[in-house]
Amino acid sequence: MRWNTFSQSVLFGGVAAAAFAVFALILSSRFGVEWSLVGFAACAIPIYLVGLAETRRRGAAAAMLAAGLIAGVVALDASPREALFVSALALGLARSGIAYPRAFARGVLIESMLGVGGLSVAGILIGTSTLSVVLAVWGFFLVQAVFFLIPRARPIRPAEAIDPFDEARDRANAILDDAIRGT
């Protein structure tokens, strides 16, 4: 399944929020709600990246980058807030850096707005109950879905690239033609 449009991304956010309820039910008694949310982000963000990328290859690369960054910050004994911030940062880096590559300044601007917006909405919605955390997860992904409403957020397809083999063949033919004319 793909979620590379606004409506599909909103649907993913709803499913992710519902999945967090089950995730929290299983893990929060042992690890607490905060760490359960970090563990859920470490699972949900790579899955989100796989489904939103233009190709499966880019999606897998973006997911690996995000998972690596999140795992790295958790391994460094970060607090849950720091780990969630890095999770949002990893989503932005992977989405605009790999899944939908774009100009650096534009990517930074878009992902900064979406990251701060998503974390702000989640921060407003989050409370002490599991339901409020579920709403916060949905709110975060709802803001992330706005990525697909930004004009020209999808990369413009580059001009047809020349095959390296064809380019090498053309160079070899040019050298041979020059050698034949020179003799």
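Anything mentioned here points back to the structure above.
Only a predicted model underlies this, so the values are computations on that prediction, with no experimental measurement involved.

S.K.: Requested: an account of a nonpolar patch on the surface, with residues and values cited.
M.R.: On the surface, Leu-65, Leu-69, Phe-85, Leu-89, Leu-93 and Leu-119 cluster together to form a nonpolar patch covering roughly 490 Å² of accessible area. Put simply, the parts of the chain that give the nonpolar patch at least two residues each are helix H2 (56-75) and helix H3 (80-99). Take the nonpolar patch: its biggest share by element is three residues, from H3. Of note, Leu-69 is situated in helix H2.

S.K.: Now, about the layout of surface pockets: what can you tell me, with residues and values included?
M.R.: Taken as a whole, the largest pocket spans an internal volume of roughly 540 Å³. Considering the residues around the largest pocket, the lining is formed by 23 residues, among which Leu-37, Leu-84, Leu-119, Ala-122 and Ile-126 are closest to the centre. Elements represented by at least two residues in the lining of the largest pocket include exactly helix H1 (6-52), H3, helix H4 (104-125) and helix H5 (130-145). The dominant element in the lining of the largest pocket, judged by the number of residues it contributes, is H1, at seven residues. In terms of residue class, the lining of the largest pocket is made up of 18 nonpolar, three polar and two charged. Within this model, the second largest pocket holds a volume of roughly 340 Å³. Together, 17 residues line the second largest pocket, and Leu-89, Gly-92, Leu-93, Val-108 and Glu-111 are the ones closest to its centre. If you list the elements that add at least two residues to the lining of the second largest pocket, you get H3 and H4. In terms of residue count, the dominant contributor to the lining of the second largest pocket is H4 (eight residues). When grouped by side-chain class, the residues that make up the lining of the second largest pocket number nine nonpolar, six polar and two charged.

S.K.: Got a sec to walk through the side chain of Ser-132? Specific residues and values, please.
M.R.: Positionally, Ser-132 belongs in helix H5. Judged by its relative accessible area of 12%, Ser-132 is buried.

S.K.: Give me the lowdown on the nonpolar core, citing residues and values where you can.
M.R.: Within the largest apolar cluster, 37 residues are counted, with the highest numbers of intra-cluster contacts made by Phe-20, Tyr-48, Leu-49, Leu-52, Val-137 and Phe-141. Elements represented by at least two residues in this core include exactly H1, H2, H3, H4 and H5. Element by element, the count of residues in this core is highest for H1, at 13 residues. Among all residues touching Phe-141, those that are not within four sequence positions of it are Phe-12, Gly-13, Ala-16, Ala-44 and Tyr-48. Val-38, Val-73, Ala-78 and Val-86 belong to the second largest nonpolar core, which has five residues in total.

S.K.: Quick one: what's the story with H2, residue by residue and with numbers?
M.R.: Helix length check: H2 (20 residues) gives 28 Å between terminal C-alpha atoms against 28 Å at 1.5 Å per residue, within 8%. Within the sequence span of H2, burial applies to Gly-59, Ala-62, Ala-63, Ala-66, Ile-70 and Val-73. All buried residues of H2 fall inside an arc of 105° around its axis, so they share one side. More than 90 degrees from the buried face of H2, the exposed residues found are Arg-57, Met-64 and Ala-75. Looking at the buried side of H2, the elements it contacts are H1 and H3. The first or second residue beyond H2 is Asp-77, which carries a positive phi of 65°.

Thresholds applied
Residues numbered from 1 in each chain as written. Predicted model: local features only at pLDDT ≥ 70, side-chain atom pairs only at ≥ 80, totals over all residues. Heavy atoms only, no water. Patch = residues over 30% accessible without salt bridge, like charges linked within 9 Å, V, L, I, M, F, W, Y side chains within 5 Å. Areas by Shrake-Rupley, 256 points an atom, 1.4 Å probe, with all protein chains shown as cover. Salt bridge = Lys/Arg side-chain N within 4 Å of Asp/Glu carboxyl O. Helix = DSSP H or I, 4+ residues; strand = E, 2+ residues; numbered from the N terminus. 1 Å grid on protein atoms, 1.4 Å probe; cavity = no way out; pocket = protein on both sides within 12 Å on 5 of 7 lines; lining within 4 Å. Points joined across faces, edges and corners; volume = space filled by probe spheres on them. Nonpolar A, V, L, I, M, F, W, Y, C, P; charged D, E, K, R; others polar. Buried < 20%, exposed > 50% of the residue type's maximum accessible area, 1.4 Å probe, protein only. Core = buried A, V, L, I, M, F, W, Y, C linked by side-chain atoms within 4.5 Å. Contact = heavy atoms within 4.5 Å. Expected span 1.5 Å × (residues − 1). Arc of directions from axis to C-beta.

Just geometry here; none of it tells us what the structure is for.
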